[in-house]
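Chain by chain, the residues run as shown.
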Amino acid sequence: MHIDLPEKRYYGIGEVAKAFGVNTSLIRFWEKEFDVLKPKKNAKGNRKFTQEDIKNLKFIYHLVKERGFTLEGAKIHLKEDKKEALNNFEIVSKLEDIKDQLIKIKEHL
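First, a word on what this report is: a plain description of the structure on this page. (Residues numbered from 1 in each chain as written. Predicted model: local features only at pLDDT ≥ 70, side-chain atom pairs only at ≥ 80, totals over all residues. Heavy atoms only, no water.)

A separate point is the nonpolar core. The biggest cluster of nonpolar side chains holds 25 residues, and the ones touching the most others in it are Val16, Ile27, Trp30, Phe49 and Leu57. Secondary-structure elements contributing two or more residues to this core are helix 1 (13–20), helix 2 (24–33), helix 3 (51–66) and helix 4 (71–108). Top element by residues in this core is helix 3. It accounts for seven residues. (Core = buried A, V, L, I, M, F, W, Y, C linked by side-chain atoms within 4.5 Å. Buried < 20%, exposed > 50% of the residue type's maximum accessible area, 1.4 Å probe, protein only. Helix = DSSP H or I, 4+ residues; strand = E, 2+ residues; numbered from the N terminus.)

Here we come to a nonpolar patch on the surface. Together, Ile91, Leu95, Ile98, Leu102, Ile105 and Leu109 line one region of the surface with nonpolar side chains, adding up to about 660 Å² of accessible area. Position of Leu109 relative to the elements: it lies in the segment after helix 4. Given a relative accessible area of 85%, Leu109 falls into the exposed group. (Patch = residues over 30% accessible without salt bridge, like charges linked within 9 Å, V, L, I, M, F, W, Y side chains within 5 Å. Areas by Shrake-Rupley, 256 points an atom, 1.4 Å probe, with all protein chains shown as cover. Salt bridge = Lys/Arg side-chain N within 4 Å of Asp/Glu carboxyl O.)

Attention now moves to the sheet that holds strand 2 (residues 40–41). Reading across the sheet, the three strands line up as 1-3-2 and stay open at both edges, with antiparallel pairing between neighbours. Of all the strands in the sheet, the pair left with one neighbour each is strand 1 (11–12) and strand 2. Relative to strand 3 (residues 47–49), strand 1 is paired through two bridges, and the arrangement is antiparallel. When the sheet's bridge partners are listed, Gly12 is paired in strand 3 with Lys48. (Pairing = 2+ DSSP bridges.)

Here the focus is the packing of aromatic side chains. How two aromatic rings sit relative to each other is set out by the distance from centre to centre and by the angle between their planes. For the structure shown, the criterion picks out two aromatic pairs. On the numbers, 5.7 Å between centres and 50 degrees between planes, the contact of Phe20 with Tyr61 is tilted. Of this pair, Phe20 sits in helix 1 while Tyr61 sits in helix 3; the two residues are 41 residues apart in sequence, bridging distant segments of the chain. Taken as a pair, Phe20 and Tyr61 share a single burial class, namely buried. Aromatic pair Trp30 and Tyr61: ring centres 6.5 Å apart, planes at 75 degrees, arrangement edge-to-face. You can see Trp30 sitting in helix 2 and its partner Tyr61 sitting in helix 3, a full 31 residues away along the chain. (Phe/Tyr/Trp six-rings, centres within 6.5 Å; stacked < 30°, edge-to-face > 60°.)

See the structure below:
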């Protein structure tokens, strides 16, 4: 899944939800369920997601929505094999981005 977010330090929950194509309530729910999601909160209590949070959200989205893991299964997978699974996921994500770029280049030829 390709997430189209501009390069910046913090993202609001609305931006994140729109990029993932989900409701903000699902992002808040995942924040409660998964320990790896720790967005910063400003004085008003608004969540500000970092690049690390976005990376973790992509992985959670991949496990739950694309691979069909249950929430408990995704939690176990994150705890047991987090480093290796995240590395594999990042490699696949980068390869998919490269593929998308090559397809766009091919279309412009």
